[in-house]
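Summary of structural features
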Amino acid sequence: MSVLAVVAAHLVLALCLPALARYHRRLAFGAGAALLAATLVWAMTQASTALSGGVTDRVEWAPELGLTLSLRMDALAIAMIVLVSGVGALIMIYAAWYFGPRSTDAARSAALLVAFAGMMLGLVLADDLLTLYVFWELTSLTSFLLVGQGGQYRENRRAAVQALVVTVFGGLAMLLGIVLLGQLAGTYSIPEITAAATSATLAPDSPVALSVSLVLILLGALTKSAQLPFHPWLPYAMAAPTPISAYLHAASMVKAGVVLVARLGPAFSVHPVWWAPVMVLGLATMVLGGWRAMRQTDLKRLLAFGTVSQLGFLMVLFGSGSRVAGLAGIAMLLAHGLFKAPLFMVVGAIDKACGTRDLRELCGLGRRRRGLAVVATLAGLSMAGLPPMLGFVGKEAAFEAFVLEGGVRGWIAAIGLVAGSLLTVAYTARFLWGAFSTKGLHPTGGDPVPLGLSGPAWLCALTGIAAGFAAPLVQQLAASYAASLPPLGDAYAARYELALWHTPGLPLLFTGVALAGGLLLHRYGQTLTGHLSVPHVSAQRGYEAVVTGLERSAITVTGRLQIGSLPVYLGCILATLIALPGPVLAVTGTFPTDQAPYHSIMQVPVGLMVIVAAIALCLAHRRFTAVLLVGAVGYGIGGLFVIDGAPDLALAQFLVETLTLVAFVFVLRRLPAHFDEPDSERRVRAPKAAVAAVGGLLVAGMAVVLSGARTLPPATTGPFIAGAPEAGATNLISAILVDFRALDTVGEITVLLICAAGTASLVLATRYDKKKGGTVVRSGSGSPKHEQEVLG
């Protein structure tokens, strides 16, 4: 089975699941879990080949344009498949028991989860940047649908829109960076770009352009993985049902940015413009996320801020670019999915059993639901980095990486990781205390938890323990990824391996400091964490201010421009043309010295006729006269086409002018014969004529300058024209329209189809509401209700 077939199988099953879910809800989730489990098994059977050289699959889409669909499974991809498919299969089983028998979201969620898994597989397997970008944006769209659910609740809609706006903004910036990097490298293949960067042959003469491309790509990674200051979308996305939160924000989507940094890190980690923002923002995100987690009373939001903190941790590891940090990164990547997913599942089970997940209302659940308490404790131990969990193995390696590196950067990173780990211990203790301790006189948690909700959490948590004892197996996987990274530090850094136990040293001391400090902070620091904050500084407020400003600007601009006046619309278009390309043409354009005033004497009278007709049009008082003058201008343009030897264009021009003239005549029958303009509008006639004249002169000058700027011979050579039959056409014009412009035509048809579908949906929805006698929906960007929603 090819790599591409595995990805395609997810999309095919996603199309079938809605129908299957209507027949049996749990069977639909079971089918999704079976496919994800089969994907994990297939990946494990390919592991030896993948770790040695990689399993590749390549489909040529448009080779002439360099567009290919290229997938490759290597060590990093296998680590992510364990999370996307392995943890994903358990979450699908959990979801089968989470969604109730009357849930209207179950069928849609099952299909979208499987589709999202396919998109995520495509992203982690992508072997070229364009393929990665396509799957990157598809994950944003599917996550928008998953978080937004059916759109019935304002909280879901708002969270989905915020996640989409932030991640798509970063994605567009990343696309610019990818295009720029691809132009510098001459390829979009990740291995080829990595090889060129490693050998210092990538854009040696364009360091500024290379730096700009890397910053733009990093912007996409930082937004997708919720790094400071783009992190608020992740806690708000907790509005989604718990299985979706567990999958998107523990095992898959939020790690997309981390995967991108890990994929390109071996090539660019030597550049300060790459590692400096990643490590600085990663450390700040780790500390801020841990601090904010300490202030949460909702268990799900506590875990969400914990995820923000852990993502910052992963960014620091993969952004530093050292071998030991790479080993630690793979270990923590696996550990995070294996402890965060069961914690989310436990929170969902608590919510089901108690009807709340507010830690101030939960009491005595540890005694009444010992199973949940034990599985949460096991996962929490791994999150806090305690032995014998995989989290301990990864955290020890992380401390060791920066101790071995030394220097200013190494020690700053090590101290930052200790501070972040201390907060991790503190919010882990807060989670376990808040969920399971006895804090009052009225115990909560009377409903039993079904095995379908607790079993997947147990399997994840136990796998985290087993992976800690099986650290040598994790070492094989991580070593394959980190093989190309430099061993920063002494000789020990080159032979360091992941293990459950090393010789006691500074890393173990750091673990002890983090453990003791975290427990003390949890015990005595509630007052400090509850009141210490920076006033008037909030990333969420910044996001809301930006969105509100854009909305208000859009309302202001459209309110001034969209006033129903055709002259105003034409004036805006011409003014934009004059203001933007005009100065560029005036500064950089060169008027050809050999430009003849005319090529044929017949161009002179026809051109004068067009000019006279245009001037007379501005002075016309009768509508019929104006229409005739417009037709004279159009026929004059057609005459110029005939003189220049373009009869096909002239025929099209004559046809359009004739039809337009006939249409105008029918319309004029119902309009007054004269223009009825007040004196105030007559005063603006001169500026309108001036704008039109300047616009016409600019277009004419642009045509002359651009046609004289040709430096290469024309592409319409004899062999090029003779090749038209190869495109299935009998002449060159047909070949251009049918073959070369086919993509343009497809794009235009797609836009028209979307507009038609949207319009038809609005019309049908309105008729449906009227027939059902439902509430009339009033919406629009300028309505007071919309304003209130914008302002929050």
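Structural notes on the overall build of the protein chain
- Counting its secondary structure elements, the protein chain contains 36 helices and two strands.
- Each principal axis of the C-alpha atoms in the protein chain carries an extent, and together these give about 95 × 70 × 55 Å.
- Classification of the 792 residues of the protein chain by burial places 46% in the buried group.
- Long-range contacts, defined here as pairs at least 24 residues apart, represent 79% of the contacts in the protein chain between residues at least 6 apart.

Section: the nonpolar core
- In this structure, Met73, Leu125 and Phe268 are the most contacted members of the largest nonpolar core, which totals 194 residues.
- In terms of residue count, helix α15 (residues 323-354) provides more of this core than any other element does, 20 residues in total.
- With residues near it in sequence (within four places) discarded, Leu125 still touches Val3, Val7, Ser70, Leu71, Arg72, Met73, Ala77 and Ile81.

Some words on the environment of Leu90
- Within the fold, Leu90 resides in helix α4 (residues 75-98).
- Expressed as a C-alpha distance, the spacing of Leu90 and Gly452, which sit 362 residues apart in the sequence, is 9.7 Å.
- Among residues more than four places away in sequence, those in contact with Leu90 are Pro456, Leu459 and Cys460.

A short note on the packing of aromatic side chains
- In the structure shown here, the tally under the stated rule is nine aromatic pairs.
- Arranged with centres 5.8 Å apart and planes meeting at 85 degrees, the rings of Tyr98 and Phe99 form a pair that is edge-to-face. The exposure classification of Tyr98 matches that of Phe99, with both residues buried.
- A centroid spacing of 5.9 Å and a plane angle of 45 degrees characterise the contact between Phe268 and Trp274, whose relative ring orientation is tilted. Of the two residues, Phe268 and Trp274, neither departs from the other in class, the shared state being buried.
- Following the ring pairs from residue to residue traces out a cluster consisting of Phe29, Tyr94, Tyr98 and Phe99.
- The ring of Trp433 is capped by Lys439, whose NZ or CZ atom sits 5.3 Å from the centre of that ring.

Brief notes about the pattern of salt bridges
- Enumeration over the complete set of coordinates arrives at nine salt bridges.
- A salt bridge links Asp358 to Arg360, with the nearest nitrogen and oxygen atoms 2.8 Å apart.
- The class of Asp358 is buried, set by a relative accessible area of 15%.
- Taking the relative accessible area as the measure of exposure, Arg360 reaches 60% and is therefore exposed.
- Glu405 is the salt-bridge partner of Arg409, the closest N and O atoms lying 2.7 Å from each other.
- Overall, Arg409 belongs to the buried group, its relative accessible area being 19%.

Considering the confidence of the model for the protein chain
- Per-chain confidence: the protein chain averages 87 in pLDDT, with 91% of residues scoring 70 or above.
- Scored below 50 in pLDDT, residues 776-784 makes six contacts in the model with residues more than four places away or belonging to other chains.
- The model gives residues 786-792 a pLDDT under 50, and that stretch makes 15 contacts with residues more than four places away or in other chains.

With respect to the state of the cysteines
- Under the counting rule described, the total for this entry stands at zero disulfides.
- With no disulfide of its own, Cys363 lies closest to Cys354 among cysteine sulfurs, the gap being 10 Å.

With respect to the packing of helix α6 (residues 129-148) against helix α9 (residues 207-224)
- At a closest axis distance of 13 Å, the pairing of α6 and α9 adopts a crossing angle of 30 degrees. Judged by the inter-axis angle, α6 sits roughly parallel to α9. In this structure, α6 meets α9 at a crossing whose hand is left-handed. Where α6 abuts α9, its residues Trp136, Thr139 and Ser140 lie against Gly220, Ala221 and Lys224.

So, the side chain of Asp128
- With respect to the helices, strands and loops of the structure, Asp128 is situated in the loop between α5 (106-125) and α6.
- Within the buried core, Asp128 has no salt-bridge partner, and the shortest N-O distance to an opposite charge, that of Arg58, equals 5.9 Å.
- At a separation of 3.4 Å, a polar atom in the side chain of Asp128 contacts the main-chain amide nitrogen of Ser70.
- Discounting residues that sit within four places of it in the chain, Asp128 has contacts with Thr68, Leu69, Ser70, Tyr188, Ser189 and Ile190.

Some points on the packing of helix α18 (residues 390-405) against helix α23 (residues 506-524)
- One can describe the packing of α18 onto α23 by two numbers: an axis separation of 8 Å at closest approach and a directional angle of 120 degrees. When the axis of α18 is compared with that of α23, the two are oblique. Along this stretch, α18 crosses α23, giving a crossing that reads as right-handed. Contact with α18, carried on its side by Phe392, Glu396, Phe399, Glu400 and Val403, involves Leu506, Pro507, Leu508, Phe510 and Thr511 of α23 and no other residues of that element.
- When grouped by side-chain class, the residues that make up the contact of α18 with α23 number seven nonpolar, one polar and two charged.

Considering the environment of Leu577
- With respect to the element layout, Leu577 can be found in helix α26 (residues 566-579).
- Along the sequence, Leu577 and Val699 sit 122 residues apart, while their C-alpha atoms lie 8.9 Å from each other.
- Excluding its chain neighbours within four sequence positions, the residues that come into contact with Leu577 are Gly582, Leu698 and Val699.

Focus on unusual backbone geometry
- For the bond from Leu228 to Pro229, the omega torsion is 5 degrees, close enough to zero to count as cis.
- Residue position: Pro229 is located in the loop between α9 and α10 (233-236).
- In this structure, Gln149 is a non-glycine residue whose phi angle is positive, near 50 degrees.
- Its place among the elements puts Gln149 in the loop between α6 and α7 (154-185).
- We classify Gln149 as buried; its relative accessible area is 13%.
- The phi dihedral of Ala200 falls on the positive side, at around 60 degrees, and the residue is not glycine.

Overview of the environment of Glu544
- By secondary structure assignment, the location of Glu544 is in helix α25 (residues 539-561).
- When its relative accessible area of 26% is taken as the criterion, Glu544 is described as partly exposed.

Points about helix α13 (residues 272-293)
- Between its terminal C-alpha atoms α13 stretches 31 Å, which fits the 32 Å expected from 22 residues at 1.5 Å a residue.
- Within α13, the full set of buried residues consists of Trp274, Val278, Met279, Gly282, Leu283, Thr285, Met286, Gly289, Gly290, Trp291 and Ala293.

Details of the side chain of Glu657
- Along the chain, Glu657 turns up in helix α30 (residues 647-668).
- Despite its burial, Glu657 pairs with no opposite charge; the closest candidate is Arg623, at 17 Å N-O.
- Non-local contacts of Glu657, meaning those with residues more than four positions away in its chain, are made with Val630, Gly631, Gly634 and Tyr635.

Here's the deal with a nonpolar patch on the surface
- Together, Tyr598, Ile601, Met602, Val604, Leu608, Ile611, Ile615 and Leu619 line one region of the surface with nonpolar side chains, adding up to about 790 Å² of accessible area.
- Mapped onto the fold, Ile611 is located in helix α28 (residues 603-619).

Calculation rules
- Residues numbered from 1 in each chain as written.
- Predicted model: local features only at pLDDT ≥ 70, side-chain atom pairs only at ≥ 80, totals over all residues.
- Heavy atoms only, no water.
- Helix = DSSP H or I, 4+ residues; strand = E, 2+ residues; numbered from the N terminus.
- Buried < 20%, exposed > 50% of the residue type's maximum accessible area, 1.4 Å probe, protein only.
- Contact = heavy atoms within 4.5 Å.
- Core = buried A, V, L, I, M, F, W, Y, C linked by side-chain atoms within 4.5 Å.
- Phe/Tyr/Trp six-rings, centres within 6.5 Å; stacked < 30°, edge-to-face > 60°.
- Lys NZ or Arg CZ within 6 Å of the ring centre and 35° of its normal.
- Salt bridge = Lys/Arg side-chain N within 4 Å of Asp/Glu carboxyl O.
- pLDDT = per-residue confidence, 0-100.
- Disulfide = S-S within 2.5 Å.
- Axes fitted to C-alpha atoms, helices over the stretch in contact; angles between N-to-C directions.
- Parallel < 35°, antiparallel > 145°, perpendicular 65-115°, else oblique.
- Left-handed = near helix turned anticlockwise from the far one by under 90°.
- Lys, Arg positive; Asp, Glu negative; His and termini not counted.
- Polar contact = N/O pair within 3.5 Å; in protein donor to acceptor, adjacent residues only side chain to side chain.
- Nonpolar A, V, L, I, M, F, W, Y, C, P; charged D, E, K, R; others polar.
- Expected span 1.5 Å × (residues − 1).
- Patch = residues over 30% accessible without salt bridge, like charges linked within 9 Å, V, L, I, M, F, W, Y side chains within 5 Å.
- Areas by Shrake-Rupley, 256 points an atom, 1.4 Å probe, with all protein chains shown as cover.

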